Amino acid sequence: MTGTRRRLDDTLGEVLARRKTLNRLRKLSNTPANFIDFSSNGYLSLSTNPEIQKSLLSRLQAEVATSEDSNGSRNARRSLLGSGGSRLLDGNSPFAESLEAKIASFHGAEAALLFTSAYDANTGLLGSVPQPGDVILYDELIHASVHDGMRMSRATRRIPFAHSSISEAQQGRVANTKESRAASGSKNQGLDHVLRELAKDERVTNCQANVFICVEGLYSMDGDTILLKEIVETVDRYLPSGNGYVIVDEAHSVGVFGKDGRGLVCQLGLEDRIWARVLGFGKAMGCAGGVVLCSSITRSYLINYARSLIYTTSMTFTSLASIDVVYDFLISGQSEPLRRHLETLIYYTRHQLHTLYTRLKPNRDTLYVEQTTLKSPIIPILTASPRSLAEHCQRFGFMVRPIVSPTVPLGSERVRVCLHYSNTKEQVDELCSVIEVWVKSQMAEVMPQENTESHKKVTEITDGFIKEDKPRL
Ligand SMILES: Cc1ncc(COP(=O)(O)O)c(C=O)c1O
C-alpha cells in the first residue's frame, strides 16, 4: 500500500474511532439461527412460507424447461441470474412489464414502475420530479431514502413538519409528546401551519410552484400510521388549485394494511387522491425491490429522468419471479389468515407489554410502553438504556434491536419489537418475562442474581436455548 493510501486509511480510522467514542459505531452482525426473531421486517413471514417457496422453485424450473425446449440454441436460453443491463437497454422484458401491470391493477393505480429497491424508487422519484421553484414538505421522521432523493432534487425548498401531525392539537403521539419533542430539540410545526405559511407565497397560489408532501404509511421506528385522509384534506384546503402532490412511502404498510395487503392508501380508499406511492418488497412482502405507483405519464417521465432506474442493471428474472409469486399469493387471498394471526398477535403483545409497564410502574427512563390500539406490527419500547435492554433480551435468545439517536431523536431511544406471522403467544410471553427481569434489575439498580425468583422464571421459560457461550451481539 502506498503512503498516501495509508494516510487516507489513518484518517478514516480516526473518523471511526470518533464514532466509536460516541457509541455510534456500526458493525455487521449475523443473527444466530436459533434466535427468536422479534426484529426483522418480514411481518408476514412470507420469505419462509412453504407455498411461496414451492411456487418460486417451480416457476424457475419452468423457465429453465422453456429454455431447454428452444432447440438447444444458446441464444434462446433465458437468464435466471442476471438481466443483462439497464431497463432502458437489454434489461427489459415482457415479464417485467406484465408484472408491473399486475401490481398496478392490484393496488388500483394507473401504472407501476419497478426499481431494484424502494431506496432507488424514492431517490428516482424525488430526485427527478420536483423542479426549481418547487417545494417539498416532509414528515420529520421520513426515511433516509426520501432525504437522499430530496437532496438530489432541484426543488428550491425542503421543509419538515412535525411527525404525523397536522395541527398542534393533533401532536403528541408515540415519542412525539411536546415534552419529548422539546427534549429532542424539534421545533417543527404541524403540516397545517406549514401549508398556511406556504399559501401566502404567490408562486404557490398561482400554481407556478408545485408542492410535494412526503409521508410514510407506517413508520418503522414508532410503528404508527398517519392520518392520511386528514393530510389529503388539509393539502386540498390550502392548495385548492391542485398543485399539492402527496407521496406515500408504503415500504412498511404494503402487505400489512388493506384488503389482501393492498396497503394503507387502498385501505382508506385514497387511490385517486395520492399522487404517487412507493412500495417496498423487502419488508412484509418477503422479497426485495421497490415500485412506484403513479400515472402513466409519470411512469414515462421516470423512465426518462430517474437516474436510479436508468443507470443501474435491472432486476433479475429470479427477483421478478419472487415478487410475482408473492403477488399471486396475495391476490388469491392466501395472506388473509396470516394477517389475521398477526393482528391477534399485535393486540396480544401490546396488551402484555402495557400490562407489564403498568404493573411494574418503572420510571419512564427505564421503560415506557404506550397503550394504543394500533394494528401495527412494530412496537417501540421506550427506554433511556436501549442497548442494555436489547443485549439482555439477546442473551436469552430474543433478537430485538436497540434504536438510538440519530436514527430516532435524542430522548426517544427505544428497543423495537417487530412481530411476525411466525411468532407465537408463548414467545411473546417469554419475551415479556425476560423484559420484566431487566426492568426489575434496573429498578433495583442491580443485575439479576441467579437465585432471584424472576431469574428462575426466565431460566425455566427459556430452557432449551440459554447457552453459556451464546454470543452477546
Ligand atoms: C420507509 C422506508 N422506505 C424505503 C426503504 C428502502 O427500502 P429498500 O430496502 O427496498 O431499499 C425503507 C427501508 O428500510 C424504509 O423503511
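This structure is a prediction, so every number in the text was calculated from the model and none was measured. (Residues numbered from 1 in each chain as written. Predicted model: local features only at pLDDT ≥ 70, side-chain atom pairs only at ≥ 80, totals over all residues. Heavy atoms only, no water.)

## Notes on the confidence of the model for the chain
Scored by pLDDT, the chain has a mean of 89; 87% of the residues are at 70 or more. Across residues 447–473 the pLDDT falls below 50, and counting only partners more than four positions away or on other chains, this stretch makes 47 contacts in the model. (pLDDT = per-residue confidence, 0-100. Contact = heavy atoms within 4.5 Å.)

## Let's talk about the side chain of D260
Summarising the element assignment, D260 is placed in the loop between β6 (244–249) and α10 (264–267). Since its relative accessible area comes to 4%, D260 is described here as buried. Ignoring anything within four residues of it in the chain, the contact list for D260 reads F106, L330, G333, S335, E336 and R339. (Helix = DSSP H or I, 4+ residues; strand = E, 2+ residues; numbered from the N terminus. Buried < 20%, exposed > 50% of the residue type's maximum accessible area, 1.4 Å probe, protein only.)

## Some remarks on the site of the ligand
Taken together, the neighbourhood of the ligand is formed by S117, A118, Y119, N122, H143, S145, E216, D249, A251, H252, K283 and G289. Taking A118, its main chain carries an N or O atom lying 2.8 Å from an oxygen atom of the ligand. Between an oxygen atom of the ligand and a side-chain N or O atom of H252, the distance comes to 2.7 Å. When the ligand is considered free in solution it has 390 Å² of accessible area, and contact with the protein chains removes 81% of it. The class makeup of the residues in the shell around the ligand is three nonpolar, six polar and three charged. (Near = heavy atom within 4 Å. Polar contact = N/O pair within 3.5 Å; in protein donor to acceptor, adjacent residues only side chain to side chain. Areas by Shrake-Rupley, 256 points an atom, 1.4 Å probe, with all protein chains shown as cover. Nonpolar A, V, L, I, M, F, W, Y, C, P; charged D, E, K, R; others polar.)

## Concerning the pattern of salt bridges
A complete count under the given rule lists 21 salt bridges for this structure. Between E100 and R87 there is a salt bridge; the shortest N-O distance is 2.8 Å. Within this pair, whereas E100 is found in helix α3 (residues 94–106), its partner R87 is found in the loop between α2 (50–68) and α3, the two being separated by 13 residues in sequence. For E100, a relative accessible area of 2% gives the class buried. Here D148 and R151 are joined by a salt bridge, their closest N and O atoms 2.8 Å apart. Note that D148 and R151 are positioned in helix α5 (residues 144–152) at a spacing of three residues, about one turn of the helix. (Salt bridge = Lys/Arg side-chain N within 4 Å of Asp/Glu carboxyl O.)

## Quick word on unusual backbone geometry
It is generally the case that most residues other than glycine have a negative phi and that most peptide bonds are trans. A cis amide bond links S405 with the next residue in sequence, P406, at an omega value of 10 degrees. Within the fold, P406 resides in the loop between β11 (401–403) and β12 (414–418). Residues other than glycine seldom take positive phi values, yet N23 does so here, at roughly 65 degrees. Following the sequence through the fold, N23 ends up in the loop between α1 (3–21) and β1 (36–37). One non-glycine residue with positive phi stands out, namely D260, at about 55 degrees.

## Brief notes about the pairing of strand β7 (residues 276–280)
Counted residue by residue, β7 has five buried out of five residues, so it is predominantly covered. Side chains of β7 alternate between two faces, with A276, V278 and G280 and R277 and L279 buried alike. Relative to β7, β6 runs parallel, the two being bridged by three bridges. Each bridged residue has a counterpart across the sheet, and for D249 the counterpart in β7 is V278. Sheet topology places β7 next to strand β8 (residues 290–294); four bridges connect them, and they run antiparallel. The residue bridging V278 from the neighbouring strand is V292, located in β8. (Pairing = 2+ DSSP bridges.)

## Section: the environment of K200
On the secondary structure map, K200 appears in the loop between α7 (191–198) and α8 (202–205). Taking the C-alpha atoms as reference points, K200 and Y238, separated by 38 residues in sequence, lie 9.8 Å from one another. Among the polar contacts listed, one links the side chain of K200 to the side chain of E197, at a separation of 2.9 Å.

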